[in-house]
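Understanding the architecture of this molecule
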Protein chains: 2
Amino acid sequence: MNRRRRVYEGKAKILYEGPEPGTLVQHFKDDTTVLHPKKSEVIDGKGVLNNRISEYIFTQLNRMGIPTHFIRRLNMREQLIKEVEIIPLQVVVRNIAAGSLAKRLGIEEGTVLPRSIIEFYYKNDELDDPMVSEEHITAFGWAAPQEIDDIMALAIRINDFLSGLFLGVGIQLVDFKIECGRLYEGEMMRIVLADEFTPDSARLWDSQTAEKMDKDRFRRDMGGLIEAYQEVARRLGIMNENDQTRPSGPVLVK
Amino acid sequence: MNRRRRVYEGKAKILYEGPEPGTLVQHFKDDTTVLHPKKSEVIDGKGVLNNRISEYIFTQLNRMGIPTHFIRRLNMREQLIKEVEIIPLQVVVRNIAAGSLAKRLGIEEGTVLPRSIIEFYYKNDELDDPMVSEEHITAFGWAAPQEIDDIMALAIRINDFLSGLFLGVGIQLVDFKIECGRLYEGEMMRIVLADEFTPDSARLWDSQTAEKMDKDRFRRDMGGLIEAYQEVARRLGIMNENDQTRPSGPVLVK
Ligand SMILES: Nc1ncnc2c1ncn2[C@@H]1O[C@H](COP(=O)(O)OP(=O)(O)O)[C@@H](O)[C@H]1O
Ligand SMILES: Nc1ncnc2c1ncn2[C@@H]1O[C@H](COP(=O)(O)OP(=O)(O)O)[C@@H](O)[C@H]1O
Ligand SMILES: [Mg+2]
Ligand SMILES: [Mg+2]
């Protein structure tokens, strides 16, 4: 199994060469890293949960005709994806003020924004992912104007659909980060959603209690991260009996 | 109360003059009418449920920045809305083949469509709401090309958000009909969602059992319409204790 070529190892995932050209295997690790404040920890089982949650979300987006890199889940920690040319931007969609936006603009966390706001950050760990505008993006050639339009349209569709989905399961989609890529199919190129959608990359608050169900639990040393991710999976209806961490009673051996 | 001027009485709703210029009061009746096969019945309590369901959906759409005519609910059967110039089109969005599309194109009901399909019908009871294309719409001046684009963009956003919302509560959004209108605000005109979003105007199937939770129960003489609409409201989280048809036990008199 480990004779596969490792293409890239990032903070939370590993990419391996896929079984066919143009495919990759995306492996979700338990590593949990944040840049502000800089810290990292291995949180047992997080990768398994993120693999399942991202599978579910990307499957539903594909069904809605919102294009993604996702092909299928392979096992507990891995999924088969289409290789894309990653656009080096972190695209953030915000519905409610939180995190860096709340701090930078002096808006109280939890304030509903006048409308959804899309932000771009240049994806570069050494530079701490600096915020950039369309001017920087086109001047440095990271994406063409038409591609920025496509990315924004994609981001709005994703936000519309997922805001509805999470509302339905009693969760507020506060904000999220996505990465997009260029998918080449013959002569054609389209912008598709790549990377992941997980509680690592989104802020999810319980609708009733505003309890945090995302990586802010780690960022702010609140504990209970795995339980929160499990609850997100449970509400989305993607936890089945096999996923219980402990059997609730005697198990029949067949 | 009934000194208000009645502006229009339709098959399922009555419009009254509103308290301020540019507003109307939309009253939901219990009348349940279908054109194919032509029949009508009064179903006790349907108007109350539709008023609540439409209130909830339009409120959430407004929050998403998807513009609607809805201002606020006034009472059990009535809501305050902005008066618009109704575009005489029924705009149908379909995700899964059902009803007339299934019959006309010979596709089995329940077939997932290759992609969401938007259809236009000319709103005219005497003519049985005939299907029309963009050619007819622009030739007869019902809407300008730019307005059709705006309507389609609105329809896609509504479909994205509501597909997510209903998925989250275990319901498939099979298809739905909307009406749009021109809202004049000073010099500005925008296309907004008008009329209603209810189980009268949408096909809603239980995700697990595919049971119908919409007006098809009446159209196909299946019974249980009110119970189905109540279940839709309950899943959306908009039924509170006051809405129970019967108290479940002794009630404390305060
Ligand atoms: N479909 C794809 N094709 C190519 N690269 C991808 C694809 N999806 C995600 N990636 C990249 O794989 C990496 C995932 O690993 P991750 O641990 O998140 O890395 P990082 O620490 O750079 O964020 C990211 O750099 C992401 O841009
Ligand atoms: N905001 C609005 N302003 C003006 N007219 C509206 C608005 N919303 C809905 N309408 C119209 O009000 C009527 C609602 O009553 P309904 O019983 O549904 O009528 P119909 O039998 O014509 O479908 C519809 O004709 C609809 O086009
Ligand atoms: Mg990453
Ligand atoms: Mg009507």
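Residues numbered from 1 in each chain as written. Chains lettered and ligands numbered in written order. Predicted model: local features only at pLDDT ≥ 70, side-chain atom pairs only at ≥ 80, totals over all residues. Heavy atoms only, no water.

Under an unreviewed UniProt entry, chain A has the name Phosphoribosylaminoimidazole-succinocarboxamide synthase and belongs to Phyllobacterium ifriqiyense. A UniProt comment under Pathway (unreviewed entry) is attached to chain A, and it reads "Purine metabolism; IMP biosynthesis via de novo pathway; 5-amino-1-(5-phospho-D-ribosyl)imidazole-4-carboxamide from 5-amino-1-(5-phospho-D-ribosyl)imidazole-4-carboxylate: step 1/2." Its UniProt record gives chain A a comment under Sequence similarities (unreviewed entry), which states: "Belongs to the SAICAR synthetase family." (UniProt positions renumbered as here; feature names shortened; annotations may be inferred.)

1. Some thoughts on the sheet that holds strand S7 (residues 78–82) of chain A
Residue and element names in this part refer to chain A. Strand order in the open sheet formed by five strands is S1-S2-S3-S7-S6, and the pairing between neighbours is antiparallel. Where the open sheet ends on each side, the last strands, each with one partner, are strand S1 (6–9) and strand S6 (70–73). Averaged over all pairs of adjacent strands, the angle between their axes in this sheet comes to 25 degrees, without regard to strand direction. Both strand S2 (residues 13–17) and strand S3 (residues 23–28) contribute to a ladder of five bridges, which runs antiparallel. From the neighbouring strand, Lys13 faces S3, where its bridge partner is Phe28. Packed onto the sheet, helix H1 (residues 46–63) meets S3, S6 and S7 and runs at close to 135 degrees relative to S6. (Pairing = 2+ DSSP bridges. Helix = DSSP H or I, 4+ residues; strand = E, 2+ residues; numbered from the N terminus. Axes fitted to C-alpha atoms, helices over the stretch in contact; angles between N-to-C directions. Contact = heavy atoms within 4.5 Å.)

2. Structural notes on the site of ligand 2
All names here are of chain B. Taken together, 18 residues lie near ligand 2, and Lys11, Ala12, Lys13, His69 and Glu179 sit nearest. Lys123 places a polar side-chain atom, nitrogen or oxygen, 3.1 Å from an oxygen atom of ligand 2. At a separation of 3.1 Å, a nitrogen atom of ligand 2 approaches a polar backbone atom of Asp195. Protein burial of ligand 2: of its 540 Å² of free accessible surface, 91% is covered by the chains. Those elements that place two or more of their residues in the shell around ligand 2 are strand S2 (13–17), strand S3 (23–28) and strand S7 (78–82). Here the shell around ligand 2 is composed, by residue class, of eight nonpolar, three polar and seven charged. Lining the shell around ligand 2 are residues from two domains, each supplying at least three of them: domain 1 (6–84) and domain 2 (85–224). (Near = heavy atom within 4 Å. Polar contact = N/O pair within 3.5 Å; in protein donor to acceptor, adjacent residues only side chain to side chain. Areas by Shrake-Rupley, 256 points an atom, 1.4 Å probe, with all protein chains shown as cover. Nonpolar A, V, L, I, M, F, W, Y, C, P; charged D, E, K, R; others polar. Domains from an automatic or database assignment.)

3. Some points on the sheet that holds strand S1 (residues 6–9) of chain B
All names here are of chain B. What the five strands build is an open sheet, ordered S1-S2-S3-S7-S6; its pairing is antiparallel. A single partner strand is all that each edge strand has here, and the edge strands are S1 and strand S6 (70–73). Within the sheet, the average angular offset between the axes of one strand and its neighbour, ignoring direction, is 25 degrees. When S1 meets S2, the two strands line up antiparallel, connected through three bridges. Its bridge partner lying in S2, Tyr8 is registered against Leu15.

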